[in-house]
Amino acid sequence: MPKDDHLTAHSEPPDASEIKAWETLLDDEDEQVFGALKERILGFGDSVRPWLDDFRINASGLAKKNCDRIRLIQLQSESEASFLAYCLLPEDDFDLETAIWKFTATRYPEVREETYRKQLDQYAEIVRSRFNQTDSGHFKLRQLNTVLFEELGFKGNTDDYYDPSNSYLNEVINKMA
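About the thresholds
Residues numbered from 1 in each chain as written. Predicted model: local features only at pLDDT ≥ 70, side-chain atom pairs only at ≥ 80, totals over all residues. Heavy atoms only, no water. Salt bridge = Lys/Arg side-chain N within 4 Å of Asp/Glu carboxyl O. Helix = DSSP H or I, 4+ residues; strand = E, 2+ residues; numbered from the N terminus. Buried < 20%, exposed > 50% of the residue type's maximum accessible area, 1.4 Å probe, protein only. Contact = heavy atoms within 4.5 Å. Axes fitted to C-alpha atoms, helices over the stretch in contact; angles between N-to-C directions. Parallel < 35°, antiparallel > 145°, perpendicular 65-115°, else oblique. Left-handed = near helix turned anticlockwise from the far one by under 90°. Core = buried A, V, L, I, M, F, W, Y, C linked by side-chain atoms within 4.5 Å. Patch = residues over 30% accessible without salt bridge, like charges linked within 9 Å, V, L, I, M, F, W, Y side chains within 5 Å. Areas by Shrake-Rupley, 256 points an atom, 1.4 Å probe, with all protein chains shown as cover.

Thoughts on the pattern of salt bridges
For the coordinates displayed, the defined rule picks out 13 salt bridges. Across the salt bridge formed by Glu 31 and Arg 69, the nearest N and O atoms sit 3.0 Å from each other. On the criterion of sequence distance, the pair formed by Glu 31 in helix H2 (residues 31-42) and Arg 69 in helix H4 (residues 61-87) is long-range, its members being 38 residues apart. Take Arg 69: its relative accessible area is 26%, and that puts it in the partly exposed class. With a shortest N-O distance of 3.3 Å, Asp 163 and Lys 175 are connected by a salt bridge. Here Asp 163 is found in the loop between helix H7 (137-151) and helix H8 (169-176), whereas its partner Lys 175 is found in helix H8, with 12 residues between them in sequence. Here Lys 175 falls in the partly exposed class, since its relative accessible area comes to 43%. Salt bridges here are not isolated pairs; linked through shared partners, they connect Asp 46, Arg 49 and Glu 78.

Set out below in structure tokens:
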């Protein structure tokens, strides 16, 4: 089966015998079997999502894990489409924080964005309490740096600068905590 076959949706839904075979194959330990099955299931797009969700509820062990792996790919694909569409918005409709969370969802589609937004709002409130609106931009930036890097302990990842997780705000916050 060609790589990324799931990018082209099948026109006909799977029949009952194919679905029965999937239920058995989802419990197969062979990664090549799982790879081919995953591509086949993903090729049916949203039409098989209800089946996958229902099957997962009663599945156990490896079958449940493989359902989760497929579901994650579906969610990441949806998140990528959402992020790309957001990036095409006119500048006046573009919010950087929203874009950051849409980008984060491309890797972590189930991230609890609101939890992290609240944490960032708390950080912002601490920084805002350190200056007046009339203070210079330089002073405000010094206060921001003091809070983030000295008081909260944010720092660059000097051990693995190129680690992709350094690009995801949830990971940056988690590593700091």
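As for H8
All of the buried residues in H8 are Asn 170, Glu 171, Ile 173 and Met 176. Structurally, H8 contributes buried residues whose contacts are with helix H5 (96-105) and helix H6 (113-128).

Section: the packing of H5 against H6
At a minimum axis separation of 11 Å, H5 and H6 run at an interaxial angle of 140°. Here H6 runs oblique to H5, going by the angle between their axes. The chirality of how H5 crosses H6 is right-handed. Residues Glu 97, Thr 98 and Trp 101 of H5 form the contact with H6, whose participating residues are Glu 113, Tyr 116, Arg 117 and Leu 120.

A few points about the nonpolar core
Formed by 16 residues in total, the largest nonpolar core has its most connected members in Trp 22, Leu 26, Ile 41, Trp 51, Phe 55 and Ile 70. Listed by contribution, the elements that provide at least two residues to this core are helix H1 (16-25), H2, helix H3 (49-58) and H4. The element contributing the most residues to this core is H2, with four residues. Apart from residues lying up to four places away in sequence, Trp 51 is in contact with Ile 19, Trp 22, Glu 23, Leu 26 and Ile 41. Tyr 116, Tyr 123, Phe 154 and Met 176 belong to the second-largest nonpolar core, a separate cluster that totals six residues.

A short note on a nonpolar patch on the surface
Together, Leu 89, Phe 94 and Leu 96 make up a nonpolar patch on the protein surface, roughly 260 Å² of accessible area in all. Along the chain, Phe 94 turns up in the loop between H4 and H5.

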